[in-house]
Amino acid sequence: VKYFPEILAVGALGAVLAVAMHMLDGGRNPHAATGAPPTTGNSFAIRGVRVFDGERVLPMANVVVRDGLVATVGADAGIPDGIDVLDGSGKTLLPGLIDAHTHSWGDARRDALRFGVTTELDMMGDWKRIPALHGEREALARTDAADLWTAGAAVTAPGGHGTQYGMDVPTLAAGGDAGAFVAARVDEGSDYIKLIVEDMGVYEGTRRLPTIAPDQVTAAIAAAHARDRIAVVHASSQANARQAVAAGADGLVHAFQDAVADDAFLAEARAGEVFVVPTLSVIAMIAGAGEGRALADDARLSPWLASRQVDSLQDRFGGPPRAEFLQRALDSVGRLHAAGVAILAGTDAGNPGTAHGASLHGELGLLVRAGLTPVQALAAATSLPAKRFGLADRGRIAPGLRADLLLVEGDPTHDIAATRAIVAIWKNGYAIVRESTAPASAAAAAPAEPVPAGTLVSDFDGDSVDSRYGSGWQATTDAMAGGASTADFALVPGGAMDSRGALEISGEIKAGFAYPWAGAMFLPARQPMRPVDLSQRRTLAFQVRGDGRRYTAMLISGDSMQAMPAMQGFTAGPDWQEVRLPLSGFAGAELGRVRAIAFAAMSPPGAFRFRIDQVEVE
Amino acid sequence: MRTDTIAATSRPAATAAGICWRCYWLEAKYEFLRQLRTPAFALPALTFPVLFYVLFGVLLTMPGGGASTYLLVTYGVFGIMGPALFGFGVALAMDRDMGLLKLKRALPVPAGSLLLAKTAMAMMFGVVITAMLMAVAIGFAGVQLAPGQLGLLALVNLLGVLPFCALGLWIGTLVGGQAAVAIVNLVYLPMAFLSGLWMPLSILPDVVARFAPLWPSYHLSQIALKVIGADAGGASWMHVLVLLAFTAVFFFLASRRMSS
């Protein structure tokens, strides 16, 4: 009682501090810090967002998530008080993607989730993990991995396809009891039955692998149906595919590659109500189409690719490229789709030329190339696989369904590649923290590339912003570190020394960040943000004119793009003027490992505008 | 005549004007001189902020990067905290140890003159430190600020000593002179770090940033950073309110200690 006034005073101070902490959000920079999830709990709302609900497009809707489940979706859905609200303007909300053909081991499910693939359908893998998988996919707990359904062990012959991976798998011998074999798989917990009909005849001249007999195919499919499992078939030739359809298969998990689907096959497939998972991604690898490398080079995907994924994307099976395989598969998919056969998106990730998660974005693009509309391609990766594989709690954005969601910038219902511009991913209602993998693994370890002999980087005299080498120009701002500054760049006519064009860089330095910057940067390596060796070069030279403001040239080098850049200042006056900066003047720069050269405005805050031309590294 | 003189000198607080300005002035002057002549106080108080700033804000940062300006502000806040905390916390505790407070109470001086003198001393040191930092920033780090911004920063730092005076006062009433040195250091250095005064919160772990609003130095630095437009975006009145509450509560706690 004696200390009552003291207790009262300290209590009052505590209350003030508590209010301050709450109001200031713990002193954190309000401009979304890197890596921080957009929402914290498993309840939140997104306001004014374009929604593809798995089947249809809602141009403008509110979506409310409660306790990990979608609560309401609609243009007039009310947003309750007290939950995180995200502004969805300019963005599109999609159901978490489903990859309908994977082989998921190791880090596969974590890799998948980092790219918005919230569910994978494994088409042959370790069956001993099945009990654990069931628990995980039924729970609504926070997780960093995609859920998995699996065929477990596949139905294949001794020494047949699927036995060559070093895993001890059960096999169905010639004349063996297919019914009993399938029953054993169902007892192990297989979610569906995968049959492998493959003698490698499509791929190789003379060598043939043993494969299961036609009567075993028929018996296995019947046994699966008897135990309420669907049966899907790997077949690479039209003849084998036709036989599988005749035997009552529910789906084909590859497009066959020896021929374009003929009219008879279209009719049979439609009559049999089979679905097809064409796995164009892996066929593109066999065709040597470079799809995997293109994904690895896509700046929207590459920061989140683990080094093992980059390696896998650039890998190939041996043997000559078979470009005609991809063309046949694309044509077949177009014809099957036009005939009304359900097409599902699947990548065969786990194979060379693919990467879990990233490749599904490539598959969507290939499906559109084959003739699906972007909306149909999105349905092929969401509601359709959920329906055909009986995943009742996902695949659409509808009340009561699991809040597996993907928010992307732009409109993938018109431009399918927009699925790659991921803003946020939620699994079970919890936002996924996408840690950039680039600095820690792939990019840091990457050896520095040599640079071509020429000194010229860009003269900006062409029809687009390009460069003689490297991966071109990009905007760079403090937004990547939590700031709010903006930058844009464009070609403008009238360059230095009466040349045709120049690069105009403009934007605004916004207050509210310790070291604001905004501008444009040149990425000198073939793969964005990888290092190049400039240790034999001496000078960065360029022409500049502008608003009279002081600007900074930055050299970003060393282990990561996040490293503190080395800087030198220059002034952009009213007339074109050459600036020559000795590379040795970039104090602290590692010239043997330069990742980017940036031209940027820094403090003080305010709008800026300047032009550069004839950029050379001599 | 003679009795008048004696009366006038023995009861100076009751001169014709009602307030003995000279008492306050002398008290403040000698407090300042005393601290200036205490190397253990004046040397670190005056040189550490500038040394740190030269190291982290000038030598180890790239020119033109904005870091020098940002750190000028935060090291300014760091600089003014020192004299306030030490001048009150340690010096007052030593005064108490030596019985100086009892002596003062017996002397015919205004009761508040010692507190005001110490506050004035802290402000004085604060202004000197701020001026030294500004000179280094403008002269060696190429920092460009408008005269108005410099003036505003100095004003923020001047008034910003008050919460730390209150905190120091309370510490000084709590423990003896030896212990006060340790306690003030234990409060001063971690608080400066955890408020992002040595390096920006954006490069410290998230948990540090989350709890930063607990420290008065965080709120003062946010107000000061508003002058250069580099604060985190909290409302000014909120920061001022926290600092006022902090000052009032610790002054109250100290006065309760002194009267008991």
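Let me sum up the structure you'll find in this document. (Residues numbered from 1 in each chain as written. Chains lettered and ligands numbered in written order. Predicted model: local features only at pLDDT ≥ 70, side-chain atom pairs only at ≥ 80, totals over all residues. Heavy atoms only, no water.)

Description of the overall build of chain A
Test applied: Secondary structure elements follow DSSP: runs of H or I no shorter than four residues count as helices, runs of E no shorter than two count as strands, and numbering proceeds from the N terminus. To sort residues, take the accessible area from a 1.4 Å probe on protein chains only and compare it with the maximum for the residue type: under 20% means buried, over 50% means exposed, and anything in between is partly exposed. Contact definition: two residues touch when any of their heavy atoms are within 4.5 Å. In these tables, accessible area is a Shrake-Rupley quantity obtained with a 1.4 Å probe, and a residue counts as shielded only by the protein chains included in the view.
Summing up its helical and strand segments, chain A has 15 helices and 29 strands in all. Counting the 618 residues in chain A, one finds 56% classified as buried. Sequence-distant contacts, at least 24 apart, represent 73% of the contacts inside chain A between residues at least 6 apart. Here chain A displays about 23,700 Å² of accessible surface, and carbon together with sulfur accounts for 54% of that area.

What about the environment of A:Leu367?
All names here are of chain A. Within the secondary structure, leucine 367 sits in helix H12 (residues 358-370). Residue classification places leucine 367 among the buried residues on the basis of a relative accessible area of 0%. Considering only alpha carbons, one finds leucine 367 and threonine 279, 88 residues apart in sequence, at a separation of 9.5 Å. Leaving out residues up to four positions away in the same chain, leucine 367 has contacts with Pro278, Leu280, Val333, Ile343, Ala345, Leu372, Ala377 and Ala380.

Quick word on the sheet that holds strand E7 (residues 117-122) of chain A
Residue and element names in this part refer to chain A. The line we're drawing: When DSSP finds two or more bridges between two strands, those strands count as paired. Only the stretch in contact is used when a helix axis is fitted, and all axes are lines through C-alpha atoms; the angle between N-to-C directions ranges over 0 to 180 degrees.
Spatially, the three strands line up as an open sheet ordered E6-E7-E8, and their pairing is parallel. Every interior strand has two partners, whereas the edge strands, strand E6 (97-102) and strand E8 (147-150), have only one. Each strand of the sheet is rotated relative to its neighbour by a mean of 20 degrees, with strand direction disregarded. Pairing of E6 with E7 involves four bridges; the strand directions are parallel. Counterpart to threonine 102 in the pairing with E7 is aspartate 122.

Considerations on the nonpolar core
Rule in force here: What makes a nonpolar core is a set of buried Ala, Val, Leu, Ile, Met, Phe, Trp, Tyr and Cys residues whose side-chain atoms join them at distances within 4.5 Å.
Core analysis: the biggest nonpolar cluster contains 85 residues, and B:Tyr53, B:Leu72, B:Met81 and B:Phe164 have the highest contact counts within it. The leading source of residues in this core is helix H4 (residues 67-97) of chain B, at 17 residues. Filtering out sequence-adjacent residues up to four positions away, B:Tyr53 remains in contact with B:Val58, B:Ser68, B:Leu71, B:Leu72, B:Tyr75, B:Leu133, B:Val136, B:Ala137, B:Ala141 and B:Val143. The next biggest cluster of nonpolar side chains, apart from the first, holds 75 residues, and it includes A:Ile283, A:Leu366, A:Ala377 and A:Ile432.

Considering a nonpolar patch on the surface
Selection rule: Exposure above 30% relative accessible area and the lack of any salt bridge qualify a residue for a patch; like charges then connect within 9 Å, and the nonpolar side chains Val, Leu, Ile, Met, Phe, Trp and Tyr within 5 Å. Salt bridge criterion: a side-chain nitrogen from Lys or Arg within 4 Å of a carboxyl oxygen from Asp or Glu.
Nonpolar side chains collect at one region of the surface, where A:Val19, A:Met23, B:Trp237 and B:Leu241 lie side by side and expose about 400 Å² of accessible area between them. Counting only elements with at least two residues in the nonpolar patch, the list comes to helix H1 (4-23) of chain A together with helix H11 (236-259) of chain B. Under the relative-accessibility criterion, B:Trp237 is labelled exposed at 53%.

Structural notes on the pairing of strand E22 (residues 518-522) of chain A
It is a general feature of regular strands that their side chains alternate between the two faces of the sheet. Residues and elements named next belong to chain A. Most of E22 sits inside the fold, with five of its five residues counted as buried. In E22, alternate side chains face the same way, and those of Ala518, Ala520 and Phe522 on one face and Gly519 and Met521 on the other are all buried. Bridging between strand E19 (residues 473-477) and E22 involves five bridges; their strand directions are antiparallel. In the strand pairing of E22, tryptophan 473 is matched with phenylalanine 522.

A word on the interface of chain B and chain A
Our working definition: Computed with a 1.4 Å rolling probe, the buried area is the accessible surface lost when two parts are put together, summed over both parts. Side-chain classes follow a simple rule in which Ala, Val, Leu, Ile, Met, Phe, Trp, Tyr, Cys and Pro form the nonpolar group, Asp, Glu, Lys and Arg form the charged group, and the remainder, Gly included, forms the polar group.
Residue-level contacts link 34 residues of chain B with 29 residues of chain A. Interface area, chain B with chain A, both sides summed: about 2,800 Å², of which 73% is carbon and sulfur. Applying the counting rule to chain B against chain A returns one salt bridge. Secondary structure elements with two or more residues in the side of chain B that touches chain A: H4, helix H9 (206-211), helix H10 (216-227) and H11 of chain B. In terms of residue class, the side of chain B that touches chain A is built from 22 nonpolar, eight polar and four charged.

Structural notes on the sheet that holds strand E9 (residues 193-197) of chain A
In sheet architecture, strand pairing relies on hydrogen bonds along the backbone and comes in two forms, parallel and antiparallel. Residues and elements named next belong to chain A. Here five strands make up an open sheet; going across it, the order is E9-E10-E11-E12-E13 and the pairing parallel. Two strands in the sheet have a free side with no partner beyond their single neighbour: E9 and strand E13 (342-343). Pairing of strand E10 (residues 231-235) with strand E11 (residues 251-252), which is carried by two bridges, proceeds in the parallel orientation. Bridge pairing in E11 places valine 232 opposite glycine 251.

Side note on unusual backbone geometry
Residues and elements named next belong to chain A. Not every positive phi belongs to a glycine, and aspartate 67 is a case in point at roughly 50 degrees. When you line up the elements, aspartate 67 lands in the loop between strand E2 (57-66) and strand E3 (69-74). A relative accessible area of 52% means that aspartate 67 is categorised as exposed. The phi torsion at aspartate 498 lies on the positive side, around 60 degrees, for a residue other than glycine. Among the secondary structure elements, aspartate 498 is positioned in the loop between strand E20 (486-493) and strand E21 (501-509).

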